[in-house]
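These are the residues of each chain, in order.
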Protein chains: 2
Amino acid sequence: MKEDLSRIGNVSLIEKIMQANRAASFIENGMVVASSGFTKSGDSKAVLLAFAERAEFDPIKITLITGASLGQHTDARLGTAGAVSLRLPFQADPVMRTLINEGQLMYIDENLGETAMHLKTGIFGEIDIAVLEASSIKEDGSIIPTTSVGNSAVFAALAKQIIVEINVSVPADIEGIHDILLTGKYPDKAIIPIISAGQRVGRDSIPCDPEKIIGIVFTDKKDSPADILAPDKTTQKIASYILDFLKNEVRAGRLTNALLPLQAGIGKVANAVLQGFAESDFGHLTIYSEVLQDSTFDLFDAGKLDFASGSSITVSQSCYERIFDNWGSYKDKILLRPQDITNSAEVISRLGVIAINTALECDIYGNVNSSHISGTDIMNGIGGSADFAQNSYLSIFVTESTCKGNTISRVVPMVSHVDHSEHDVDILVTEQGLADLRGLAPRQKAKTILQNCVHPEYRGMLEEYFKEACQRGGQTPHVIEKAFDCYKNLRLNGSMKRHHSLHESSLDQS
Amino acid sequence: MKEDLSRIGNVSLIEKIMQANRAASFIENGMVVASSGFTKSGDSKAVLLAFAERAEFDPIKITLITGASLGQHTDARLGTAGAVSLRLPFQADPVMRTLINEGQLMYIDENLGETAMHLKTGIFGEIDIAVLEASSIKEDGSIIPTTSVGNSAVFAALAKQIIVEINVSVPADIEGIHDILLTGKYPDKAIIPIISAGQRVGRDSIPCDPEKIIGIVFTDKKDSPADILAPDKTTQKIASYILDFLKNEVRAGRLTNALLPLQAGIGKVANAVLQGFAESDFGHLTIYSEVLQDSTFDLFDAGKLDFASGSSITVSQSCYERIFDNWGSYKDKILLRPQDITNSAEVISRLGVIAINTALECDIYGNVNSSHISGTDIMNGIGGSADFAQNSYLSIFVTESTCKGNTISRVVPMVSHVDHSEHDVDILVTEQGLADLRGLAPRQKAKTILQNCVHPEYRGMLEEYFKEACQRGGQTPHVIEKAFDCYKNLRLNGSMKRHHSLHESSLDQS
Ligand SMILES: CC(C)(COP(=O)(O)OP(=O)(O)OC[C@H]1O[C@@H](n2cnc3c(N)ncnc32)[C@H](O)[C@@H]1OP(=O)(O)O)[C@@H](O)C(=O)NCCC(=O)NCCS
Ligand SMILES: CC(C)(COP(=O)(O)OP(=O)(O)OC[C@H]1O[C@@H](n2cnc3c(N)ncnc32)[C@H](O)[C@@H]1OP(=O)(O)O)[C@@H](O)C(=O)NCCC(=O)NCCS
């Protein structure tokens, strides 16, 4: 691979160039290792994998802290090698997920906006080594990131030692799209002065003491591409309900045609919804989100979008090529910022973001589970969904009404795990319809959700539950001993639908 | 009662003076009525009660929006008269609570920091009449509030008509402690520039168009006093664990001796904890909270507290007298602000507040229920607890480990209602001990909570549950069909403790 020395502005650092396995050898058992990477973008492409390889033979375990999920199957490789004892704040890897759910490694699923503050206050101990992907290093030692910023700025500030991976597959003229603001520590945390999605408030590189850089590794691997699913009937329906709802809000004078800054979470539905805006009448849209997906660039191309602020660019392979082949036409419309800025309560609540996130399931009162299958097994984690849902102007959650061939209703009497309480959920949408929960008390919310969101095959069961619950009374009526019957049915019969079985009643008495 | 005309700086308004029942007659069926009042302070003392009297005979119902809870048994009187169809965002009245739980009136329990934004976006319709307690009206028509600000500034801005209650029992020189900043509407919401608890950022009165004032009523009733319970052994224990924990944080270099701004919620434990600071070694403390309780003034008197920012002064009768007899010594150390400023995510997260709130119950994974008894019946509401818990530097929840003569464990396998997810709970404290949940994964949290917080009579049951759950696996292990057994036991046997009863098994099969 080409060692492009022009990418190292600080010439004293040239002597730090080394192979990945040498750099990985700095990582020792018990260390806290931080790595760049946010939703598969801008992650370590070489050093962590070299470390995983070594760990297959060495009994060595680390704490691994990132921005969000990694690409390159790095989490799977590290997990399989038994190299991670503690992982945070997010992952989305099937192999690591299994290990976590088996209790083989500890996972702290955190609000993505909060990790930087937790690190600054030292609750995870000191960071021994940070591995940071860069497009180049400037003369002052500061680092120009690649396709994500994530937690890299705080990692660079706090880590005792730093390994830089310079990825020559990323054009050097990515320089200029990063907006790095460090907010300081309590009691002197600074105001984050962002008052519009497109406003630059920081510098274009991550400050870094060159003395801390112990290794520089050249790579040329591209980010793992996002798995983008083409919108289908279901996601298109959901998108159309949301677009109609927003049109109505404009008509009612509560929003203008430029809406307010949009955030869209991960998951196939959220991407489809954003894509729906391309054919809409809305214009001069802005995005203030975490992850800039394919839909962001579709909206630029459709002339609908004025600006996009995020913490990473995570796109399909074809979109990636399109972006960098036409970099000039996008470059001045994008800012990538640290995730404690993109996800900060302060900025999200000031801008009045319209947040669209995906639920695993919701309940008839509007509580949402984003993370735990049947209350126990983690899927990915809460990610940034609560950062946005809690502080947005409008918090929209989308989900299909059922899954697994209708054996599971994603609207249940009571969710088995609460990531977002009814206070942080304004709008619920399934392919059945949209429930506007604003200004409603819990019993009214239940009626609206039952009417609009549930699958016909589950409506009877849910209505019956609600009726019985109302007979018992309460601000939020429940038949507490039956609230989780659907999970019991699923466990015993493979479906949430009611089946009478002897099996079931005998289990109750055990 | 003395009509002290010197309290009306705008002389054109003197002709608007009237009796309370005349003012109450402006309220019509179906109206949206807003009233000042926050935690029993600065509320309407005359007009709402005159309206309640009228409603006993008239079939008339309103939507009633306040800052938080009202004193004077106003909610009880309105509820009994059947005069309220919808109530928000908070109440703490036993009679109204019963009506709400019976489904006789709709109650929207809101995050107290969010109501102002919801009103500005119009989701509750227009405010027809606002009833605002004042100490005086200035020449420009602007209103000097009394012992609370609450939502009064946004009510004055949005209401079509305004009735002012001038309360002459409040000294006129309360003027100067209010700090009124209106943050504007999306997309032009302003930065809230507060960087320290004691910083004034707004004006000392609530802007009000004098043309909107349709009535002025003089009153001389004092605020209903807070029910302050003297600290007992249990609350003192809880307080001492928290003080020890904070001392340790200072020793570890994570906090200074002035700590960070403190918030303490309602409930007897939170007040006792603050009182504990009076005998501590901490100094130059500040408070950035909602409600300033007796403990605030005890801390001033003990020379421990430099400044207190809140939205209301809610104190016992003796404390009330002490404050206003020595007003000069407190006045320049207090600011009362709108509740969307005291409770704003932006300021709380910037200042790094240490938040201490009371839980009804918590679970072994650190989720907290603040509002719903057994998941259904509302106690008061979420209040400001989530505004603070979500955005604080340290979120502490306190609760006794049991209640009702040990028939109820306040630590359960899975809380029946989630107001605060594990992500927003750093420290859990009962009289048994303190669990520091920072930097722990769910299974580790469970071990810490089981070890430190549960009552010995429930430890066995909870440990057994956790063990069985871990055998099943998961990031957050549960035996979902048994997660609520304790509520079932409580319902059937009057205790969460296990009892075998035939009754129980026959119910399961119904
Ligand atoms: C919730 C989330 C997993 C949904 O993502 P998605 O890609 O739309 O997921 P799907 O609806 O396709 O569901 C994924 C799998 O879970 C299964 N599933 C979904 N809901 C389920 C439920 N309630 N019970 C059991 N299984 C369920 C689906 O069947 C599917 O399984 P399959 O892959 O075997 O078909 C994803 O959005 C997420 O991780 N969110 C949390 C983080 C977040 O919101 N971040 C936003 C800011 S970046
Ligand atoms: C949670 C809250 C009710 C606790 O207040 P408190 O005065 O300490 O309450 P107590 O512990 O004395 O409990 C009140 C009653 O509920 C009962 N109770 C408490 N927990 C219970 C539980 N888990 N199950 C059943 N009953 C319970 C108590 O026995 C007591 O009943 P009693 O009056 O008949 O003895 C109160 O803090 C609150 O309303 N919080 C939500 C709002 C908030 O936190 N605001 C903070 C920002 S202002």
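All values derive from a computational prediction rather than experimental measurement.

S.K.: Just checking my understanding: could you explain the UniProt feature "active site" (unreviewed entry) in chain A for this structure?
M.R.: Residues and elements named next belong to chain A. The positions UniProt marks with the feature "active site" (unreviewed entry) are Glu290. With a relative accessible area of 8%, glutamate 290 lands in the buried category. When near neighbours in sequence (up to four residues on either side) are disregarded, glutamate 290 contacts Phe38, Leu112, Gly310, Ser311, Ser312, Asn343, Gly383, Gly384 and Phe388.

S.K.: Looking at this structure, I do not really get the interface of chain A and chain B. What am I missing?
M.R.: When the parts come together, some accessible area is lost, and that loss is often what is quoted as the size of the interface. At the junction of the two partners, chain A supplies 74 residues and chain B supplies 74 residues. Between chain A and chain B, roughly 6200 Å² of surface is buried when both sides are summed, and carbon and sulfur atoms account for 57% of that area. Broken down residue by residue, the surface that chain A buries against chain B is led by His423, Gln475 and Ile480 of chain A, which jointly contribute 11%. The interface formed by chain A and chain B contains two salt bridges.

S.K.: Would you mind going over the site of ligand 2 with me for this structure?
M.R.: All names here are of chain B. Around ligand 2 there are 22 residues in total, and Glu290, Met379, Asn380, Lys404 and Arg410 lie nearest to it. Asparagine 380 is positioned with one of its side-chain polar atoms (N or O) 2.6 Å from an oxygen atom of ligand 2. Residue lysine 404 places a side-chain N or O atom 2.7 Å away from an oxygen atom belonging to ligand 2. Burial of ligand 2 by the surrounding chains reaches 78%, relative to a free accessible area of 970 Å². Along the lines of polarity and charge, the residues of the shell around ligand 2 split into seven nonpolar, 10 polar and five charged.

S.K.: It is not clear to me how the relation of the copies chain A and chain B should be interpreted in this structure. Could you clarify?
M.R.: A rotation about some axis, followed by a shift along it, carries one copy of the chain onto the other. Rotating chain A by 180° about the axis while translating it 0.0 Å along that axis superimposes it on chain B, leaving an RMSD of 0.0 Å. Here the symmetry operator amounts to a two-fold rotation axis. Relative to the rotation axis, the C-alpha of glutamate 346 of chain A is the closest in chain A, positioned 2.0 Å from it. The share of interface residues of chain A whose copies in chain B are also at the interface is 100%, consistent with both copies meeting through the same surface.

S.K.: Would you mind going over the sheet that holds strand β4 (residues 106-107) of chain B with me for this structure?
M.R.: Within a sheet, neighbouring strands are paired by backbone hydrogen bonds and run either parallel or antiparallel to one another. All names here are of chain B. Taking strand neighbours across the sheet as the criterion, the seven strands line up as β4-β3-β2-β1-β5-β8-β9 in an open arrangement whose pairing is parallel. In the strand order of this sheet, the two ends are held by β4 and β9 (213-219), each with one partner. With two bridges connecting them, strand β3 (residues 84-88) and β4 associate as parallel partners. The partner of arginine 87 across the bridge, within β4, is tyrosine 107. Packed on one face of the sheet, helix α2 (residues 47-55) meets β1 (32-35), β2 (62-65), β5 (129-134), β8 (161-167) and β9 and runs near 115° to β8.

S.K.: Is there a simple way to explain helix α9 (residues 294-301) of chain B in this structure?
M.R.: Along an α-helix, a turn takes 3.6 residues, which lines up residues three or four apart on a common side. Residue and element names in this part refer to chain B. For α9, a buried count of six out of eight residues is recorded, marking the element as mostly surrounded by other parts of the structure. Taken together, the buried positions of α9 are occupied by Asp294, Ser295, Thr296, Phe297, Leu299 and Phe300. Immediately beyond the C-terminal end of α9, within one or two residues, lies glycine 303, with a positive phi of roughly 75°.

S.K.: Sorry if this is basic, but what is going on with the site of ligand 1 here?
M.R.: Residue and element names in this part refer to chain A. Around ligand 1, 22 residues are found, and the nearest of them are Glu290, Met379, Asn380, Lys404 and Arg410. A distance of 2.9 Å is found between an oxygen atom of ligand 1 and a side-chain nitrogen or oxygen belonging to arginine 410. Taking 970 Å² as the accessible area of ligand 1 by itself, protein coverage stands at 79%. Its residues assigned to classes, the shell around ligand 1 shows seven nonpolar, 10 polar and five charged.

S.K.: Explanation requested: the pairing of strand β25 (residues 427-430) of chain A in the structure shown.
M.R.: The side chains of a regular strand alternate, residue by residue, between the two faces of the sheet. Residues and elements named next belong to chain A. Burial of β25 is two-sided: the residues Ile427 and Val429 facing one way and the residues Leu428 and Thr430 facing the other way are all buried. By the bridge criterion, three bridges tie strand β21 (residues 394-398) to β25 in an arrangement that is parallel. Residue pairing for β25: phenylalanine 397 is matched across the bridge by leucine 428. As paired strands, β25 and strand β26 (residues 433-436) are joined by four bridges and run antiparallel to one another. If you follow threonine 430 over to β26, its bridge partner there is glycine 433. A loop of two residues connects β25 with β26, the two strands running antiparallel in sequence.

S.K.: Got a minute to help me understand the side chain of histidine 372 of chain A in this structure?
M.R.: In this fold, histidine 372 of chain A is placed in strand β19 (residues 372-373). One polar contact links histidine 372 of chain A to serine 371 of chain A, side chain to side chain, over a distance of 2.8 Å. Residue contacts for histidine 372 of chain A: discarding those within four places in its chain leaves Asp109, Leu360, Asp377, Ile378, Ser416 and His417 of chain A together with Gln475 and Thr476 of chain B.

About the criteria used
Within any chain, residue numbers begin from 1 and follow the written order of that chain's sequence. A letter from A marks each chain and a number from 1 marks each ligand, given out in the order of writing. Per-residue local features are limited, in this predicted model, to residues with pLDDT of at least 70; the limit for side-chain atom pairs, both in listing and counting, is 80 or more; totals at the level of whole chains, interfaces and linings are taken over all residues. In computing side-chain properties, one takes all heavy atoms of the structure into account and sets aside hydrogens as well as water. UniProt positions are given in the numbering used here, feature names are shortened, and annotations may be inferred rather than shown by experiment. Any residue under 20% of the maximum accessible area for its type is buried, any over 50% is exposed, and the rest in between are partly exposed; the area is computed with a 1.4 Å probe on protein chains only. Residue contacts follow a heavy-atom distance rule, with two residues in contact if any of their heavy atoms lie within 4.5 Å. Put simply, buried area is how much 1.4 Å-probe accessible surface two parts lose in total, over both of them, once they are put together. When a carboxyl oxygen of Asp or Glu is within 4 Å of a side-chain nitrogen of Lys or Arg, the pair counts as a salt bridge. Near residues are defined by distance, with any heavy atom within 4 Å of the molecule or strand qualifying the residue. Counting of polar contacts relies on pairs of N or O atoms within 3.5 Å, with two restrictions inside protein: one atom must be capable of donating a hydrogen and the other of accepting it, and residues adjacent in sequence are counted only when both atoms are side-chain atoms. To measure how exposed things are, a 1.4 Å probe is used in the Shrake-Rupley method; for residues, cover is taken only from the protein chains shown. Under the scheme applied, nonpolar residues are Ala, Val, Leu, Ile, Met, Phe, Trp, Tyr, Cys and Pro; charged residues are Asp, Glu, Lys and Arg; polar residues are all the others, including Gly. Superposition of the copies was done by least squares, using only C-alpha atoms of residues whose pLDDT is at least 70 in both. Strands are labelled as partners when DSSP assigns at least two bridges between them. Under the DSSP-based scheme used, a helix requires at least four consecutive residues in state H or I and a strand at least two consecutive residues in state E, with every element numbered from the N terminus. Fitted lines through C-alpha atoms give the axes, limited to the stretch in contact for helices. The angle between two N-to-C directions lies from 0 to 180 degrees.

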